[in-house]
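Structure assessment
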Amino acid sequence: MTRISTQLGAVRARIHAACRAAGRPPEAVALLAVSKTFGVAAVQAAFDAGQTAFGENYIQEAVEKITALRHLPLVWHCIGPVQSNKTRLVAEHFDWVHTVDRLKMAQRLSEQRPAGLPPLQVCIQVNVDGGPTKSGVAPADALALAQAVADLPRLCLRGLMCLPEPAPDFDAACQVFNRARLLLTDLTTQGLKLDTLSMGMSADLEAAIAAGSTLVRVGSAIFGARHYPA
Ligand SMILES: *Cc1c(COP(=O)(O)O)cnc(C)c1O
């Protein structure tokens, strides 16, 4: 057993326990392995341990990995901010984007999605806690953006993503994640067909699952601490 396969097993056990505690079936929550800053060997080790969905933040780094691992049946999710000069790379290489927060970006992704590929699966990033990240649409503007994104031909709107500031404790984290869950319910009540709530990371996946997450994005608990180039 490699360290990555052991840690992956531990994360899966945490997800199962959190689902059980929340009275949700274990298959209600999918695991996205966040491999940013780790190389192709780490992704390969996770794949060998049964993981197929990977999340990346830095587009250039991701495209290199996606290209090098083209022979594996992997699903790649872009979970980092996308500047407008990077939308084409994202549209051409990724399967999912979680960070759509303005219509212009969604329009570019739709226009640039190659005809030979299935529609790009997207989540709208919502700034649920008014945090200073500047990323994410304000909750009050989410419905209008979601309706416009749902009409774009080469995108398939799947749901919402949030990345709140770390909360002081479990209950506080649940409260913030619950806002995203309530917003998803609002949007489905308005007729949008959505099945994805992307929230929860290494430190707070239990709270996110208690609040209704369907996709947790976990990096350091699987791959270890990240070292960023200076
Ligand atoms: C890095 C990152 C993660 C994973 O964070 P960990 O704390 O390492 O689990 C999840 N989501 C986003 C958007 C990230 O940037």
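To be clear, the structure that these remarks concern was listed above.
Residues numbered from 1 in each chain as written. Predicted model: local features only at pLDDT ≥ 70, side-chain atom pairs only at ≥ 80, totals over all residues. Heavy atoms only, no water.

This next bit is on the overall build of the chain. When you go through the chain residue by residue, the secondary structure sums to nine helices and eight strands. For the chain, whose C-alpha radius of gyration is 17 Å, the value lies close to the compact-globule estimate of 17 Å for 230 residues. Its C-alpha atoms give the chain principal-axis dimensions of about 50 × 40 × 35 Å. Counting over 230 residues, the chain shows a buried share of 50%. Entry remark: accessible area of the chain is about 10600 Å², with carbon and sulfur atoms responsible for 56%. Taking the 22 positively charged and 19 negatively charged side chains of the chain as two groups, their mean positions are separated by 4 Å. (Helix = DSSP H or I, 4+ residues; strand = E, 2+ residues; numbered from the N terminus. Rg over C-alpha atoms; globule rule 2.2 N^0.38 Å. Buried < 20%, exposed > 50% of the residue type's maximum accessible area, 1.4 Å probe, protein only. Areas by Shrake-Rupley, 256 points an atom, 1.4 Å probe, with all protein chains shown as cover. Lys, Arg positive; Asp, Glu negative; His and termini not counted. Charge placed at Lys NZ, Arg CZ, Asp CG, Glu CD.)

Right, let's get into the packing of aromatic side chains. One pair of aromatic rings is described through two measures. These are the centre distance and the angle between the planes. For the structure on display, the rule yields two aromatic pairs. Centre to centre, the rings of Phe 38 and Phe 223 are 5.3 Å apart; their planes meet at 25 degrees, and the pair counts as stacked. Taken together, the residues Phe 38 in the loop between β1 (30–34) and α2 (40–48) and Phe 223 in helix α9 (residues 220–223) connect sequence positions 185 residues apart. Exposure remark for Phe 38: the relative accessible area of 15% places this residue in the buried category. The interplanar angle of 35 degrees and the centroid separation of 5.6 Å between the aromatic rings of Phe 54 and Trp 76 together place this pair among those described as tilted. With Phe 54 in strand β2 (residues 53–56) and Trp 76 in strand β3 (residues 75–78), this pair connects stretches of sequence that are 22 residues apart. Residue Phe 54 shares its accessibility class with Trp 76, and that shared class is buried. (Phe/Tyr/Trp six-rings, centres within 6.5 Å; stacked < 30°, edge-to-face > 60°.)

Time to look at the pairing of strand β5 (residues 120–125). With six of six residues buried, β5 lies mostly within the body of the structure. Residues Leu 120, Val 122 and Ile 124 line one face of β5 and the alternating positions Gln 121, Cys 123 and Gln 125 line the opposite face, and both faces are buried. Sheet analysis places strand β4 (residues 96–100) next to β5, joined by three bridges and oriented parallel. Within β5, the position partnered with Trp 96 by the bridge is Gln 121. Handedness of the crossover joining β4 and β5 through helix α5 (residues 103–112) is recorded here as right-handed. Sheet analysis places β5 next to strand β6 (residues 155–161), joined by six bridges and oriented parallel. Directly across from Cys 123, in β6, lies its bridge partner Gly 159. (Pairing = 2+ DSSP bridges. Right-handed = clockwise from strand over helix to strand, strands pointing away.)

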